[in-house]
Amino acid sequence: MMMSGLLVCIGIFIVSLFEQLPFLSVMTEVMSAFSTTGLSPDLTQKLSLPSQILLILLMFIGRLGPLTLVYNLGTRSHSRIRYPDAQMQIG
């Protein structure tokens, strides 16, 4: 939850830096993008390209899940397949 909240706060801050729009509209847009709900105050068309790219990244991260992303980046072995060690004598 803390990671999700931090990502949303950073997203709101960055979009607020790029855009001169009301804070509540920006907050609603970023929360909607991160939670992938589809509710939007029709603000996406008015945003600049960097803000739109940030929203796309937030949508992807929100869909993937922050904990899944951290787990996959933190593990060294992505394969759970382990082969048994055995010495076989042939002939």
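Preceding this section is the structure that the text describes.
Residues numbered from 1 in each chain as written. Predicted model: local features only at pLDDT ≥ 70, side-chain atom pairs only at ≥ 80, totals over all residues. Heavy atoms only, no water.

Draft legend 1. Layout of the side chain of Glu29. Inspection of the secondary structure puts Glu29 in helix α2 (residues 23-35). One buried charged side chain, Glu29, makes no salt bridge at all; its nearest oppositely charged neighbour is Lys46, positioned 9.6 Å away. (Helix = DSSP H or I, 4+ residues; strand = E, 2+ residues; numbered from the N terminus. Buried < 20%, exposed > 50% of the residue type's maximum accessible area, 1.4 Å probe, protein only. Lys, Arg positive; Asp, Glu negative; His and termini not counted. Salt bridge = Lys/Arg side-chain N within 4 Å of Asp/Glu carboxyl O.)

Draft legend 2. Spotlight on the environment of Ser48. Residue position: Ser48 is located in the loop between α2 and α3 (49-64). C-alpha separation for the pair Ser48 and Glu19, spaced 29 residues apart in sequence, amounts to 7.5 Å. Other than its neighbours up to four places away in sequence, Ser48 contacts Phe18 and Glu19. A distance of 2.7 Å separates the side chain of Ser48 from the side chain of Glu19, its partner in a polar contact. (Contact = heavy atoms within 4.5 Å. Polar contact = N/O pair within 3.5 Å; in protein donor to acceptor, adjacent residues only side chain to side chain.)

Draft legend 3. Region of interest: the nonpolar core. Residues Val8, Ile12, Val15, Val26, Val30, Ala33, Phe34, Leu43, Leu47, Leu54, Leu55 and Leu58 constitute the largest nonpolar core, which totals twelve residues. Elements supplying a minimum of two residues to this core: α1 (2-18), α2 and α3. Here this core gets four residues from one element, more than from any other, and that element is α2. Apart from the residues within four sequence positions on either side, Ile12 is in contact with Phe23, Val26, Met27 and Val30. (Core = buried A, V, L, I, M, F, W, Y, C linked by side-chain atoms within 4.5 Å.)

Draft legend 4. Summary view of the packing of α2 against α3. For the pair α2 and α3, interaxial distance at closest approach is 6 Å and the crossing angle is 40°. In terms of orientation, α2 and α3 fall into the oblique class. Taken together, the residues of α3 that come into contact with α2 (itself represented by Glu29, Val30, Ala33 and Phe34) are Leu55, Leu58, Met59, Ile61 and Gly62. Its residues assigned to classes, the contact of α2 with α3 comprises seven nonpolar, one polar and one charged. (Axes fitted to C-alpha atoms, helices over the stretch in contact; angles between N-to-C directions. Parallel < 35°, antiparallel > 145°, perpendicular 65-115°, else oblique. Nonpolar A, V, L, I, M, F, W, Y, C, P; charged D, E, K, R; others polar.)

Draft legend 5. Structural detail: α2. With 13 residues, α2 ought to run about 18 Å at 1.5 Å a step, and its terminal C-alpha atoms sit 18 Å apart, in line with that. On its buried face, α2 is in contact with α1, α3 and α4 (66-74). Looking at the residues trailing α2, positive phi occurs at Thr36, about 50°. (Expected span 1.5 Å × (residues − 1).)

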